[in-house]
Amino acid sequence: MYDVCAHICVYRAGMRFDRDLLLAAVVAAGQVGTEILLSPGLAPLDYALLLGGTLVLALRRRFPVVVLAVTVVCMLAYTVRMQPGAVATFPVLVAVYTTVRQGKRPAALAGVVLFLAGMFAFGHDAAAGLSPRSAIESRVLVVGWLVAAAVIGEATRAWSAYLEQVEQRAAEAERTREETALRRAGEERLRIARELHDSLTHSISIIKVQAGVAAHLARKRGEEVPASLVAIQEAGADAMRELRATLEVLRSDEGSGLEQVPELVNRARAAGLPAKVEVSGSPRPVPAEVDRAAYRIVQEALTNVSRHAGPASASVRIGYLPGEVIVQIDDDGAAVPDEEHQPGIGLTGMRERVVALGGRLRAEARPEGGFTVRAELPVVRS
C-alpha cells in the first residue's frame, strides 16, 4: 500500500512539474514575443532578464520565495533598462499567486511592495509617454492585478485546505469503520450472552434441581425412579453444559489479546496512522480478562488518536513487570496540558475496565504536547 502511495505521489509531483514547465514556457514565449513587437532591438542582456524572470516559474511550487525574488529582480532590472510599463507585471503575478498559495504571505507582501516601489520610482509611465491620467490608470491597474493575484492565491489555498480536511475525514471514517463494527459485534455478543443467561440458565437450573429432588424422594421411598424423570435430569445436565459452553464463546473475545497488539498497530499504520509498538520485559501469558482489557485499551486509544489528535503519530508500549502489565499509548497530536478534556465514552470504558481489574489508569495531555494513556493492570497469581 505504501509503495502504491509513493508511486502516486511521485507521479503527481511529476505532473505538477510538467504543468509548471509548460506554464513557464508559455509565459516566456508571450513575454519575449510581446517585447520584441513593442521594443525592437533588444540586447542579449534584455533577453537574459526576460528568460530568467519567466523560465524560473517552472520551479514555483518547489521554491516559491526564491522564484518570487528572482522574478521581481529580473523584471525590475528589465524595467529600468527598457521601461516596458505594465507588461513586466505578468511574470510577477504568477509568482505572487504561487507564494500566497503556498502560505508565504510575508514574502509575497515584501515582493509586491518591492516591485511596485521599483516600478513607480523609475518613472516607467513617463518614459512610456503616458499622460498623467493614463499614468494613474496604469498604476492602479498594476496594483489591482497584484492584489487580485494575492486574493486568488489565498482563496485557492483555503479551498485546497477544505478539500484536504474533507479527505482526512473520509479517511478517518474508513479507518474507524472496522473497529466500530468489531466493537459493536462484541457488545451484541455480550448482550445475547446476558439474555441467554437470564432467560435460560435459571429456568434450566430449576428444572434440573426439581427433577433431582423428585428422583431422590422416589429412591427414599423405595420406589423405582421413572425413566422420564431420569431423562429430564440428564437432559437438564446436558443443556446446562451446552449453555455454559455457548456463553463462554459469546463472552470470550477471541483474537483480542496482547499477542494481537502488533497486528492492531499494523492495521492502524496501513490505514494512515504512523504507529509503532515496543515490548519490554519477558512476554508471558496473563489472565484472560487482563489480556482482553489491555487489547481493548490499545484499540480505543489508537481510535482516539485517529479521531481527535489531528495529524499525529502514536507509539504503543507494553511492559511486563513481575506483578503487573503496563500498557501506554502516546501521541504527538494537538492536545496541550492547559486545555480542559472532557472524557468521552471511550475513556470512560477504559477506566471501567481497569478499575474492575483493580488497576490504575492515567489519561491526560503530555507536557510536550499530545496525549498519553497509561494503564497499570495487576496480574493475579493463583
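What counts as what
- Residues numbered from 1 in each chain as written.
- Predicted model: local features only at pLDDT ≥ 70, side-chain atom pairs only at ≥ 80, totals over all residues.
- Heavy atoms only, no water.
- UniProt positions renumbered as here; feature names shortened; annotations may be inferred.
- Helix = DSSP H or I, 4+ residues; strand = E, 2+ residues; numbered from the N terminus.
- Buried < 20%, exposed > 50% of the residue type's maximum accessible area, 1.4 Å probe, protein only.
- Contact = heavy atoms within 4.5 Å.
- Areas by Shrake-Rupley, 256 points an atom, 1.4 Å probe, with all protein chains shown as cover.
- Expected span 1.5 Å × (residues − 1).
- Arc of directions from axis to C-beta.
- Pairing = 2+ DSSP bridges.
- Axes fitted to C-alpha atoms, helices over the stretch in contact; angles between N-to-C directions.
- Parallel < 35°, antiparallel > 145°, perpendicular 65-115°, else oblique.
- Left-handed = near helix turned anticlockwise from the far one by under 90°.
- Nonpolar A, V, L, I, M, F, W, Y, C, P; charged D, E, K, R; others polar.
- Core = buried A, V, L, I, M, F, W, Y, C linked by side-chain atoms within 4.5 Å.
- Phe/Tyr/Trp six-rings, centres within 6.5 Å; stacked < 30°, edge-to-face > 60°.

Within an unreviewed UniProt entry, the label attached to the chain reads histidine kinase, and the organism entered is Nonomuraea recticatena. Checking UniProt for the chain, the heading Catalytic activity (unreviewed entry) contains the comment "ATP + protein L-histidine = ADP + protein N-phospho-L-histidine."

**Things to note about the overall build of the chain**
The helix and strand inventory of the chain stands at eleven helices and five strands. By residue count, 37% of the 382 residues in the chain fall in the buried class. At a minimum sequence separation of 6, the contacts of the chain that also span at least 24 residues come to 72%. When the accessible area of the chain is evaluated, it comes to approximately 21,900 Å², of which 61% is carbon and sulfur surface.

**Observations regarding helix H2 (residues 44-55)**
The end-to-end C-alpha distance of H2 is 16 Å, a good match for the 16 Å that twelve residues give at a rise of 1.5 Å each. Taken together, the buried positions of H2 are occupied by Asp46, Leu49, Leu50, Gly53 and Thr54. One side of H2 holds all its buried residues, which, seen down the axis, span an arc of 115°.

**A word on the sheet that holds strand S1 (residues 275-280)**
Reading across from one edge, S1-S2-S3-S5-S4 is the order of the five strands in this open sheet, with mixed pairing throughout. Edge positions in the open sheet fall to S1 and strand S4 (360-365), since each of these has one partner strand only. Strand-to-strand twist of the sheet, defined as the mean angle between neighbouring strand axes without regard to direction, takes the value 10°. Pairing geometry for S4 and strand S5 (residues 371-378), over six bridges, is antiparallel. Looking at S5, one finds that Arg360 is bridged to Glu376. Lying over the sheet, helix H9 (residues 261-270) contacts S1 and strand S2 (314-320), oriented at roughly 165° with respect to S1. Across the sheet, helix H10 (residues 288-308) lies against S2, strand S3 (324-331) and S5, angled at about 5° from S3, the strand it touches most.

**A look at the environment of Gln233**
Examined against the element boundaries, Gln233 turns out to sit in helix H8 (residues 227-251). Accessibility expressed as a relative area gives 27% for Gln233, which makes it partly exposed. Here the alpha-carbon distance between Gln233 and Ile207, two residues 26 residues apart in the chain, equals 7.8 Å. In contact with Gln233, not counting residues within four places along its chain, are Lys208, Ala211, Gly212 and Ala215.

**Structural notes on the packing of helix H4 (residues 89-101) against helix H5 (residues 105-121)**
Describing two packed helices takes the angle between their axes plus the distance from one axis to the other. Where H4 meets H5, the closest approach of the two axes is 9 Å, and the angle between their N-to-C directions is 160°. The angle between the axes of H4 and H5 places the two elements in the roughly antiparallel class. Remark: the crossing between H4 and H5 carries left-handed chirality. Each of Thr89, Val92, Val96, Thr99 and Val100 in H4 lies in contact with H5, whose residues at this interface are Ala107, Ala108, Val112, Phe115 and Met119. In terms of residue class, the contact of H4 with H5 is built from eight nonpolar, two polar and no charged.

**As for the nonpolar core**
Counting 35 residues, the largest nonpolar core has Leu258 and Leu302 as its most contacted members. It is H10 that provides the largest number of residues to this core, a total of eight residues. When sequence neighbours within four positions are dropped, the list of residues in contact with Leu302 reads Leu264, Val265, Ala268, Leu273, Ala314, Val316 and Ile329. Of all hydrophobic cores here, the second largest spans 31 residues; its members include Leu68, Leu76, Val94 and Val142.

**A few points about the UniProt feature "transmembrane region" (unreviewed entry) in the chain**
Using the residue numbers shown here, the UniProt feature "transmembrane region" (unreviewed entry) corresponds to residues 21-43, 63-80 and 107-128. Taken as a whole, residues 63-80 contains 94% helix and 0% strand, while its terminal C-alpha atoms sit 26 Å from one another.

**Digging into the pairing of S3**
Burial of S3 is extensive: eight of the eight residues sit out of reach of the surface. Where burial is concerned, the two faces of S3 agree: the one with Glu324, Ile326, Gln328 and Asp330 and the one with Val325, Val327, Ile329 and Asp331 are both buried. Here S2 pairs with S3 via seven bridges, running antiparallel. Within S3, the residue paired with Ile318 across the bridge is Val327.

**Quick word on H5**
For H5, spanning 17 residues, the distance from its first C-alpha to its last is 24 Å, which sits close to the expected 24 Å at 1.5 Å a residue. Those residues of H5 that fall on the buried side of the exposure criterion are Ala108, Gly111, Val112, Phe115, Leu116, Gly118 and Met119. In an axial view of H5, the angular spread of the buried residues amounts to 165°, which keeps them on one side of the axis. Opposite the buried face of H5, at more than 90 degrees from it, the exposed residues are Pro106, Leu109 and Ala121.

**Side note on the packing of aromatic side chains**
Taken as a whole and judged by the stated rule, the model has two aromatic pairs. When the centroid spacing of 5.2 Å and the interplanar angle of 35° are considered together, the rings of Phe90 and Trp145 count as tilted. Of this pair, Phe90 sits in helix H4 while Trp145 sits in helix H7 (residues 132-220); the two residues are 55 residues apart in sequence, bridging distant segments of the chain. Look at Phe90 and you get partly exposed, because its relative accessible area is 38%. Judged by its relative accessible area of 26%, Trp145 falls in the partly exposed class. Residues Trp159 and Tyr162 carry aromatic rings whose centres are separated by 5.6 Å and whose planes lie at 35° to one another, so their mutual orientation is tilted. Of this pair, Trp159 and Tyr162 both sit in helix H7, three residues apart, which is roughly one turn of the helix.

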